[in-house]
Amino acid sequence: MDSYHKPESKTIQELKDIANKLRIDAINSTQASKSGHPTSCSSMAEVMSVLFFHTMRYKVSVPRDPNSDRFILSKGHAAPILYAAWAEAGLFPVEDLLNLRKIDSDLEGHPTPRLNFVDVGTGSLGQGLSVAAGMAYVGKNYDKANYRVYCLIGDGESAEGSIWEALHFASYYKLDNLCAIFDINRLGQSEPTSLQHNMEVYRKRLEAFGFNALVVDGHDVEELVKAFHEAQITKDRPTAILAKTFKGKNFPNIEDLDNWHGKALGNKAEEVIAHLKSLIKNAGPLTLHPQKPLVDDVPVVDITNIKLDSPPNYKKTDQVATRLAYGTALAKIAKNNARVIALDGDTKNSTFAEKIKTVDPKRFVECFIAEQNAVGVAIGAACRDRTVAFVSAFATFFTRTFDQIRMGAISQTNVNFVGSHCGVSIGEDGPSQMGLEDIAMFRAVPGSTVFYPSDAVSTERAVELAANTKGVCFIRTSRPNTAIIYDNNESMAIGKAKVIRSAAKDQVLVIGAGVTLHEALKAADQLAAAGISVRVLDPFTVKPIDSATVIANAKECGGRIITVEDHYPEGGLGEAVASAVALERNIIIKKLAVSKVPHSGPPDVLLDVYGISAAKIAEAVKDIIKH
């Protein structure tokens, strides 16, 4: 085991000087923008100095080098000191810090990956540690590399349950390459935090969660150097450095006082900067070189052009749930590419994510019933293009992870979400288990792609497409067994709908997806017996919707559209179609959807009671023709 060597006094002093330079940079940048969080930056100045100029290994010229240590600033409002650290390290001129929060600058109020030294967007508090745990999990189990992951967390945000989900995950998987740093500066935004400076309670809690918990003076650079060293040599458990700090440290008449959160110092800035300069012993160029030598041990990976290992193989007489087809497809692409991984929250035998274990058990990550953390871990796992991550759960449980998902979009992440058990068609389990808001939620995510496959063949193709698609993808799968619609060699494409049934004299275009597409086909048979011909369309993707195909077919059907969906009317398939035809003359839409909170009951009964069965579709067709 490596022994600790106390740094030379010269090194200690320079680390102190750098911390105060970072404070000055944070003040100057927030003064220029007339907004920001200089006091929140000040409490963590020594932590940043030691990390960036003593402990971390990274390449200044290539911040995202795969061999570099990772740093996640979970308390993203302290962005100015993160920017200052990289500027002082030499990535860009310190003068550029004065562009903080300007419309034409990527130095935004909170970090985003528009900056080449930021892996994920942060600032919605409580999420950074999950992302860091995902990075560390990949580093330990897939890359098997030496890089370490550091995550700086505010004490206020440690009240978030997602932090404790992440602590449990990191401890359970013995992520000894992860170091969580808690900046315990006592003050929140509007009042003191619940624990303030009760460091012993923090220590006991972190130890209870299985961490190597180290309480330090967060303004003592030597204590920090020693703590980071201990973190590096600790095996089989992660480390938490609990840094007792003061908000506004070294700011005269501001330090540790309320009502300075999120405020530039204004007319006090000059006085504070003068004081900080008086603390700096060496105001000249840095002698500490920020760049430590990297261990070049991260394998080169290729996550492009991922294919199903074998094409779909179904008979037209088969009845297969799309959730089962997802598991089949997941195993097929995992067999084709060693970087495909699956995460789930103890629903793997219902979502069928567990089928990836038949290919490689190590590529399944059990996240237990902690969906927010599961999403954050997946975002971290996908960072720097290290994996292709699929996260599965009941569709309804993703609603509790919406904040993580939207931050994933801000982070430019490529994570695939698969929601099963959607709609009233799940039956007797009742409304708490029925995903009825999920399409609306994922459609609202910028840059997202929303797949809604209707049979096993199209589900397999959706998985293959999602694996190669940038941004957030959502695949909606269903619980009931349904018929095979497509030939095994059918090609599918994002934004390309399929006309499943058509005739020259079609009077109405019926658009369904998942179970409602099958109900639409049943309705078409019933109506044909009554001499009414309807066209049936499968959108395949709800976002992007195939506007051109919808409009062209609607016009050929007298301008009449009926949408039918196992989802609430707001934000779902019907509204996607309505948006597609909004500028078209002489097209009308009748939307069939689940209009109220449903009951438990048999699936077929529920489809009828809530107005989306074949019989109700047939009634709607007759009504729209009549009127």
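Since this is a predicted model, take the numbers as computed values, not measurements. (Residues numbered from 1 in each chain as written. Predicted model: local features only at pLDDT ≥ 70, side-chain atom pairs only at ≥ 80, totals over all residues. Heavy atoms only, no water.)

**Quick look at the overall build of the protein chain**
- Along its length, the protein chain carries 20 helices and 19 strands.
- In terms of overall size, the protein chain behaves like a compact globule, its C-alpha atoms giving a radius of gyration of 28 Å where 627 residues would be expected to give roughly 25 Å.
- With the principal axes as the frame, the protein chain shows a C-alpha extent of 90 × 50 × 40 Å.
- The burial tally for the protein chain puts 61% of its 627 residues in the buried class.
- Excluding contacts between residues fewer than 6 apart, the proportion of contacts in the protein chain whose partners are at least 24 apart in sequence is 79%.
- When the accessible surface of the protein chain is totalled, it reaches about 23,700 Å², and 49% of it is carbon and sulfur.
- Both charge centroids of the protein chain, one from 70 positive and one from 73 negative side chains, sit 2 Å from each other. (Helix = DSSP H or I, 4+ residues; strand = E, 2+ residues; numbered from the N terminus. Rg over C-alpha atoms; globule rule 2.2 N^0.38 Å. Buried < 20%, exposed > 50% of the residue type's maximum accessible area, 1.4 Å probe, protein only. Contact = heavy atoms within 4.5 Å. Areas by Shrake-Rupley, 256 points an atom, 1.4 Å probe, with all protein chains shown as cover. Lys, Arg positive; Asp, Glu negative; His and termini not counted. Charge placed at Lys NZ, Arg CZ, Asp CG, Glu CD.)

**A look at the UniProt feature "domain: Transketolase-like pyrimidine-binding" (unreviewed entry) in the protein chain**
- UniProt records the feature "domain: Transketolase-like pyrimidine-binding" (unreviewed entry) for residues 320–484 in the present numbering.
- End C-alpha to end C-alpha, residues 320–484 measures 7 Å, and it is 35% helix and 20% strand. (UniProt positions renumbered as here; feature names shortened; annotations may be inferred.)

**Some remarks on the sheet that holds strand β18 (residues 560–564)**
- As summarised here, the arrangement of the 5 strands in space is β14-β16-β15-β18-β19, forming an open sheet in which the pairing is mixed. Strands at the two margins of the open sheet, each flanked by one partner only, are β14 (498–501) and β19 (588–592). Taking each pair of neighbouring strands and ignoring which way they run, the sheet shows an average axis angle of 25 degrees.
- Examined bridge by bridge, strand β15 (residues 508–512) and β18 share 4 bridges and lie parallel to one another. In the sheet register, I511 faces β18, and the bridge partner there is T563. (Pairing = 2+ DSSP bridges. Axes fitted to C-alpha atoms, helices over the stretch in contact; angles between N-to-C directions.)

**Quick notes on unusual backbone geometry**
- In this structure, P544 follows K543 across a cis peptide bond, with omega equal to -5 degrees.
- Turning to its location among the elements, P544 is positioned in the loop between β17 (541–543) and α17 (547–556).
- With a phi angle near 80 degrees, R186 is a residue other than glycine that sits in the positive phi range.
- In this fold, R186 is placed in the loop between β3 (178–184) and α7 (199–208).
- Taking relative accessible area as the criterion, R186 reaches 16% and is therefore assigned buried.

**Notes on helix α4 (residues 79–89)**
- Among the 11 residues in α4, 11 count as buried, and that is most of the element.
- Burial in α4 covers these residues: A79, P80, I81, L82, Y83, A84, A85, W86, A87, E88 and A89.
- Buried positions along α4 lie against α1 (9–33), α2 (38–43), α3 (45–55) and β1 (70–73).
- Looking at the residues trailing α4, positive phi occurs at G90, about 110 degrees.

**Things to note about the packing of aromatic side chains**
- Overall, the coordinates contain 22 aromatic pairs when judged by the stated rule.
- Pairing Y83 with F117 gives two aromatic rings, centres 6.1 Å apart and planes at 70 degrees, and the pair type is edge-to-face. With Y83 in helix α4 and F117 in the loop between α4 and α5 (128–143), this residue pair connects regions lying 34 residues apart in the sequence.
- With a relative accessible area of 8%, F117 lands in the buried category. (Phe/Tyr/Trp six-rings, centres within 6.5 Å; stacked < 30°, edge-to-face > 60°.)

**Structural notes on the pattern of salt bridges**
- Tallying each qualifying case throughout the model produces 32 salt bridges.
- Among the salt bridges present, the one from K140 reaches D176, with a minimum N-O distance of 3.6 Å. Of this pair, K140 sits in helix α5 while D176 is found in the loop between α6 (161–172) and β3, placing the two residues 36 residues apart along the sequence.
- Within the structure, one salt-bridge network assembled from shared partners comprises R64, D119 and R384. (Salt bridge = Lys/Arg side-chain N within 4 Å of Asp/Glu carboxyl O.)

**Digging into the pairing of β3**
- For β3, the tally of buried residues reaches 7 of 7 residues, placing the bulk of the element in the interior.
- What you see with β3 is no split at all: L178, A180, F182 and I184 on one side and C179, I181 and D183 on the other are buried throughout.
- In the sheet, strand β2 (residues 149–154) pairs with β3 via 6 bridges, with the strands oriented parallel. By the bridge assignment for β3, G154 is matched with D183.

**Concerning the side chain of D65**
- Relative to the helices and strands, D65 resides in the loop between α3 and β1.
- For D65, the residues in contact, after removing those within four places along its chain, are K59, R70, L294 and R384.

**Let's talk about α7**
- Among the residues of α7, M199, Y202 and L206 are the ones counted as buried. Axial view of α7: buried residues confined to an arc of 60 degrees, hence all on one face. Those residues of α7 that are exposed and aimed more than 90 degrees away from the buried face are K204 and A208.
- The elements touched by buried residues of α7 are α6, β3, β4 (212–217) and β5 (239–244).
- Of the residues one or two after α7, G210 is the one with positive phi, at around 90 degrees. (Arc of directions from axis to C-beta.)

**Some points on the nonpolar core**
- Counting residues in each nonpolar core, the largest one holds 84 residues, and the members touching the most others are F182, F398 and F417.
- Considering every element that reaches this core, the biggest residue donor is α5, with 9 residues.
- Those residues in contact with F417 that lie beyond four places of it in its chain are V375, V391, F398, I405, F442, V472, C473, F474 and I475. (Core = buried A, V, L, I, M, F, W, Y, C linked by side-chain atoms within 4.5 Å.)

**Some points on the packing of α1 against helix α8 (residues 221–233)**
- In contact at an axis separation of 9 Å, α1 and α8 are set at 105 degrees when each is read in the N-to-C sense. Taken as axis vectors, α1 and α8 run roughly perpendicular relative to one another. Along its contact with α1, which presents I12, L15 and K16, the element α8 presents V221, E222 and V225.
- Among the residues forming the contact of α1 with α8, the class breakdown is 4 nonpolar, no polar and 2 charged. (Parallel < 35°, antiparallel > 145°, perpendicular 65-115°, else oblique. Nonpolar A, V, L, I, M, F, W, Y, C, P; charged D, E, K, R; others polar.)

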